[in-house]
Amino acid sequence: MSVRITRRLPGHPKPREHFQYDQESDVLPVTAQWLLLWAAGHVEKVGLFQGDNRFPGTGRTVTLQASMLGAFDVAGEDGRGSSRRVYDWSAVRAANALALVLLSDHLNGSPVEFPAGADEEEQRYLRRRLVHVWGCAPGRTAAEAAEMFRAAADPFGA
């Protein structure tokens with residue numbers, strides 16, 4: 001008889017439990033769902049900034065109004081890491097990549113199509129551009145942005 005033990009990183013959301021947003025957390029997401037839910041909570045907490053810069057001023061990124069991309073970046077790691085913690089950077093990067101695909105495809109209404117010959121970096125740029133443009137649409141609200149982050153996380157059981 002063998003027993004399988006699954007190791008979870010500290011702060012990893014547990015299946016079927018309500019995700020808790022913590023603005024001061026230095027635990028970084030290792031799943032796309034976790035990243036998208038954190039970004040949704042962040043936009044609800046600090047609001048939605050609609051402009052060409054990620055943040056409308058200087059200071060701590062977690063307390064300033066976020067654009068769609070700003071919330072996504074802060075959720076993924078920007079400005080939240082701690083020198084007291086050890087991170088699984090390959091898992092964090094994989095979560096970021098998958099979350100961007102899920103979010104951009106959801107906002108697009110279907111899988112994003114790319115020009116022939118587009119390399120991985122160009123595809124990433126175009127996906128980020130799509131998120132930025134959607135978030136900057138006139139009249140876009142923080143509630144709508146949070147709803148889209150959560151809806152994009154839904155395929156993973158949010």
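Refer to the preceding data block for the structure.
A quick note: this is a predicted structure, and the numbers were derived from the prediction, not measured.

Engineer: Mind showing me how you'd approach the overall build of the protein here?
Structural biologist: The number of helices and strands found in the protein is 5 helices and 0 strands. Mapped in sequence order, the helices and strands of the protein form the string α-α-α-α-α. In the protein, which comprises 158 residues, the proportion classed as buried is 45%. Sequence separation of 24 or more characterises 60% of the internal contacts of the protein that already satisfy a separation of 6 or more. Accessible area for the protein stands at about 9,400 Å²; split by element, carbon and sulfur atoms hold 50% of it.

Engineer: I tried to follow helix α3 (residues 89–108) on my own but got confused; where do I start?
Structural biologist: Between the first and last C-alpha of α3 there are 28 Å, a value that for 20 residues agrees with the 28 Å anticipated at 1.5 Å per step. Among all positions in α3, only A91, V92, A95, N96, A99, L100, L102, L103, S104, D105 and L107 are buried. G109, located one to two residues past α3, shows a positive phi value of around 90°.

Engineer: Any chance you could explain the pattern of salt bridges here in plain terms?
Structural biologist: One side chain can pair with another of opposite charge once the charged atoms of both are near each other. Applying the stated criterion across every chain yields a total of 5 salt bridges. A salt bridge links R150 to E44, with the shortest nitrogen-to-oxygen separation between them at 2.9 Å. You can see R150 sitting in helix α5 (residues 142–153) and its partner E44 sitting in helix α1 (residues 32–46), a full 106 residues away along the chain. Look at E44 and you get partly exposed, because its relative accessible area is 48%.

Reading guide: rules and limits
- Residues numbered from 1 in each chain as written.
- Predicted model: local features only at pLDDT ≥ 70, side-chain atom pairs only at ≥ 80, totals over all residues.
- Heavy atoms only, no water.
- Helix = DSSP H or I, 4+ residues; strand = E, 2+ residues; numbered from the N terminus.
- Buried < 20%, exposed > 50% of the residue type's maximum accessible area, 1.4 Å probe, protein only.
- Contact = heavy atoms within 4.5 Å.
- Areas by Shrake-Rupley, 256 points an atom, 1.4 Å probe, with all protein chains shown as cover.
- Expected span 1.5 Å × (residues − 1).
- Salt bridge = Lys/Arg side-chain N within 4 Å of Asp/Glu carboxyl O.

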